[in-house]
Structures are given as C-alpha cells and as structure tokens.
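Summary of the model geometry
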Amino acid sequence: MRPLPKLLLASALAGVLVLPWMKREAEASAPPDEASPPAIVSVAPAVSTAFAPHQWSPGSVISRRDARVAGEQTGRVVDVAEVGQRVRRGQALAVLDDAALRLREQEGQADLARIQAQLALATRQEQRYAQLAEQQNIARAQYEQLRADRDVLAQERARVLAQLAQLRHQRAQMVVRAPFDGIVVERHTQPGEYLVTGASVARLVDTGAQEVRVRAPVDLARHLSPGTEVRVRNAGTERAYPVSVLVPVGDEASRQLELRIAVDGMDIPIGTAVDVGLPSAPPRTVIAVPRDAVILRREGDFVMRVDAAGKAERVPVTTGTELDDLVEVSAGIKAGDRLVVRGGERVEAGQMLDIRSPAPTLATR
C-alpha cells in the first residue's frame, strides 16, 4: 500500500503543470477582440496619384556666377583680397600702383591750363578784331586768321580734356573691382607681382546663385524640357525642382546632353555631389500609400487596413516606385482605404482599433 501516496503526489503535480498550459491555450483560441484591448493607432488614407518613373544620374552643384576676374591695366600689385573674403559688387579685389598715371594726369592738367589761357586771350582778341574789321581798319583776312587760331586752340583744349578723361579711366581701372557679390576662393596674384593686361587676379564665386549641372542620356530628351520637374536628392533629402536650361546638343562620344536646374534655397556647398531623378516615361496613375503604412517582413510586405467594423485587416501588398512619402502598391488596396501608419507593428488581424490621433490626410496629386 505504500506506492499509493506517490501516485497521488504525481497526479497532483501533473495537474498543477497542465492548468497554466490549458489557460494559455484558451486565451490563444479566444477571439482577438475579446482577448486584447483595442490598439491605439494613427491612420492615413491610400490615394490615387500620378507617378513617373525616374532614371537617376549624378550631378554637381555649381554657381551660375563663377568668374576669374581679370585686370585691364598693367602695373605692380599693391593689394589683393584674401581667400575666403566676402565682397560686395564694386568692392576692390586688387589694387595696382597708379603713380605713373597720376604724374601723366598732372601733366595733362598743366597743358589744359596753358591752352585755356591761350584760348581766353584769343577770344578777347577775336572780339576786338571783329570791331576793327567792321570799321575796315584791318584786312578781312587778318581777322579770319585770328578766328582760325582761336578755333585751333578750342580743339586743342578738347583733345587735352579727352586725354585727361582717358587717364582718369585708366586710374579707375587700376582698382580691379568685383563684378558681383561673392566670395574669393582663389588668389592668382600676390602683392609685389607685376600684372599684365588680361591676367586674372582672383576667382570669385557667388554662393547664393546655385544650380545643379547634370548630364543625361539623349534618349531622355523627349521627356525633358525647360520647366519639367525633376528630383534632386542629397544627404537623404529629396526635393522637386524645375529644369531651368536644357542644352539640346548631345556629345557624340557619350551620347549625353547637359541640363541645368536652378536650386536656389538649397544652401549646400558649391561642388556637392547630388543625384538627379530624370523622368524616363510619361506619368501614370497608381494607388499609393504612406511609407509608414507598409510593414516589411521576410515572408512578404503587408499593410493593416481598417475595416467597416473598426477592426484591423491584414492585406498583403507588392510595393513599387517611391515618391516623397508615398509608395506605389498593387493588389488589394483602393483609394480612400484607411491604413494604419503608427502602431501597426503590434496590431493583430481582427483586433479592434482605437483611432485617437489620426494622421494628416494626404492630398491627391
């Protein structure tokens, strides 16, 4: 009779172990809306919008105003703007020694004073001779010779004034000024060097006038024109900009043509590499959902749709092109369907949903 207590003890222990397992099985087999409380989620609708496939090409940010500013006069360099210095339009980039021109200007002013004195005397004499000629006290030819001498002095005065204007213009050119607002990125001469006519003194770049230069296959020319919207992507940021210039001439070797895209306001360094999405086909209308609505799993992607009863419905989808925060999907989703965009990872199919803070509605493009 001794084995009986051991048997009873074993049965009691088995019952204790089986009860929790039976409880878990009962909870697992219960309907989701009875087993779990409503999940708090945010939703957004699927939309019907126009998508255009893009071909991505590398581009570079350049400045529309990038100049190697040259001098128009020769002379010894006295001063040059420093690299990195920001200058305004008309501000000095380089200063040349104008001592020789100052001396020539002084000489011209002396000549002008002499000629003006002679012209004043000739004018007074011409007035007196005019009276004598009327009274026939002098020969008419003598009076006309005096008038001619007075006219010659007037022309000499005009010539000296023109020479002085040229000298002042040359002196003004001894200061090489910035043709536009920008920053000095290179110095091509140093103080003490001798600058010749046409030699560059500095490279000036306007960092506020930015544009993207990109080369595209000539096959895409039929989808491109000034004003066509393209995508510019840099450092994870993607924005749409219109094509400002399309050069419809392809290179024979590379079979590519050049595009310019104005990107004022991008505020990134000149020379930055960017990717440009160029339309490779006409736009097509697709069903798109917010990127946050797509749940990625190894067995397949899906979205959680809110059904008429306010419960979660799992819908498998196949994703396609992405544009901004939208993703193209096919099969099972139609425009206007409410999709979970926040909290969907912890939602089970059939579970009641509590939509407390709906996401902003996406406008149809």
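Just so it is clear, the model here is predicted, and its values are computed rather than measured.

Scoring rules and cut-offs
- Residues numbered from 1 in each chain as written.
- Predicted model: local features only at pLDDT ≥ 70, side-chain atom pairs only at ≥ 80, totals over all residues.
- Heavy atoms only, no water.
- Helix = DSSP H or I, 4+ residues; strand = E, 2+ residues; numbered from the N terminus.
- Contact = heavy atoms within 4.5 Å.
- Pairing = 2+ DSSP bridges.
- Expected span 1.5 Å × (residues − 1).
- Buried < 20%, exposed > 50% of the residue type's maximum accessible area, 1.4 Å probe, protein only.
- Phe/Tyr/Trp six-rings, centres within 6.5 Å; stacked < 30°, edge-to-face > 60°.
- Lys NZ or Arg CZ within 6 Å of the ring centre and 35° of its normal.
- Core = buried A, V, L, I, M, F, W, Y, C linked by side-chain atoms within 4.5 Å.
- Salt bridge = Lys/Arg side-chain N within 4 Å of Asp/Glu carboxyl O.
- 1 Å grid on protein atoms, 1.4 Å probe; cavity = no way out; pocket = protein on both sides within 12 Å on 5 of 7 lines; lining within 4 Å.
- Points joined across faces, edges and corners; volume = space filled by probe spheres on them.
- Nonpolar A, V, L, I, M, F, W, Y, C, P; charged D, E, K, R; others polar.
- Axes fitted to C-alpha atoms, helices over the stretch in contact; angles between N-to-C directions.
- Polar contact = N/O pair within 3.5 Å; in protein donor to acceptor, adjacent residues only side chain to side chain.
- Patch = residues over 30% accessible without salt bridge, like charges linked within 9 Å, V, L, I, M, F, W, Y side chains within 5 Å.
- Areas by Shrake-Rupley, 256 points an atom, 1.4 Å probe, with all protein chains shown as cover.

When helices and strands are tallied, the protein chain shows four helices and 23 strands. Considering only contacts in the protein chain between residues 6 or more positions apart, those separated by 24 or more positions represent 76%.

Strand order in the open sheet formed by four strands is β8-β7-β5-β10, and the pairing between neighbours is antiparallel. Whereas interior strands pair on both sides, the edge strands pair on one side only; in this sheet they are β8 (175–177) and β10 (194–195). With three bridges joining them, strand β5 (residues 75–80) and strand β7 (residues 92–96) adopt antiparallel strand pairing. Residue pairing in the sheet places Asp79 in a bridge with Val95 of β7.

Taking 1.5 Å per residue as the helical rise, helix α4 (residues 140–173) with its 34 residues ought to reach 50 Å, and the 50 Å between its terminal C-alpha atoms agrees with that figure. For α4, the set of buried residues is Tyr143, Leu146, Arg150, Leu153, Val160, Leu164, Leu167 and Gln173.

Before going further, it helps to spend a moment on the packing of aromatic side chains. One pass over the structure, following the stated rule, counts zero aromatic pairs. A cation sits over an aromatic face here: Arg314 above Phe302, 3.8 Å from the ring centre.

The subject of this paragraph is the nonpolar core. One finds Val212, Leu259, Ile261 and Val276 to be the most contacted residues of the largest nonpolar core, which totals 20 residues. The set of elements that each furnish at least two residues to this core consists of β12 (210–217), β13 (229–234), β14 (237–247), β15 (256–262) and β16 (273–279). Residue contacts for Val276: discarding those within four places in its chain leaves Gln55, Trp56, Ser57, Val212, Val214, Val230, Arg231 and Ile261. Counting 19 residues, the second-largest nonpolar core is a separate cluster that includes Leu93, Leu96, Val184 and Ala202.

What follows concerns the pattern of salt bridges. If the charged atoms of two oppositely charged side chains come close together, the side chains can form a pair. A complete count under the given rule lists 24 salt bridges for this structure. The closest approach of N and O atoms between Glu238 and Arg231, which form a salt bridge, is 3.1 Å. Relative accessible area serves as the criterion here: at 28%, Glu238 is assigned to the partly exposed category. The class of Arg231 is buried, set by a relative accessible area of 5%.

What follows deals with the layout of surface pockets. By volume, the largest pocket is sized at about 280 Å³. In terms of lining, the largest pocket is formed by 14 residues, of which the most central are Phe51, Ala52, His54, Glu229 and Pro283. Secondary-structure elements contributing two or more residues to the lining of the largest pocket are β2 (47–51) and β13. Counted by class, the lining of the largest pocket contains eight nonpolar, three polar and three charged residues.

For the rest of this paragraph, the subject is the sheet that holds strand β17 (residues 284–290). One open sheet accounts for four strands, arranged β2-β17-β21-β20; its pairing is antiparallel. Looking at strand neighbours, the two that pair on one side only are β2 and β20 (318–323), the edges of this open sheet. Shown here is a sheet whose adjacent strand axes are inclined to one another by a mean of 50 degrees, direction ignored. The pairing of β20 with strand β21 (residues 326–330) spans four bridges and is antiparallel. Note that in β21 the partner of Thr318 across the bridge is Ser330.

In terms of backbone geometry, most residues other than glycine have negative phi values and most peptide bonds are trans. Backbone geometry at Arg255 places phi at a positive 55 degrees, although glycine is not the residue there. Examined against the element boundaries, Arg255 turns out to sit in the loop between β14 and β15. The exposed category is assigned to Arg255, whose relative accessible area is 52%.

Tracing the backbone through its elements, the reader meets Thr272 in the loop between β15 and β16. Of the polar contacts made by the side chain of Thr272, one reaches the backbone oxygen of Pro269; its length is 2.6 Å. Each residue touching Thr272, except ones within four places of it in the same chain, is listed here: Gly59, Ser60, Val61 and Asn234.

Glancing now at the pairing of β7. Of the pairings in the sheet, the one linking β7 to β8 comprises three bridges and is antiparallel in character. Residue Ala92 lies in a different strand from β8, and its bridge partner there is Arg177.

Before going further, it helps to examine a nonpolar patch on the surface. There is a patch of nonpolar side chains on the surface, built from Val245, Val247 and Val249 and spanning about 230 Å² of accessible area. Here Val249 is to be found in the loop between β14 and β15.

Within the element layout of this structure, Ser63 appears in strand β3 (residues 54–63). With 149 residues separating them along the chain, Ser63 and Val212 place their C-alpha atoms 8.3 Å apart. Those residues in contact with Ser63, other than ones at most four positions away along the chain, are Val205, Asp206, Ala209 and Ile270. Within polar-contact distance, the side chain of Ser63 engages the backbone oxygen of Asp206 at 2.6 Å. At 3.5 Å, the side chain of Ser63 forms a polar contact with the backbone oxygen of Ala209.

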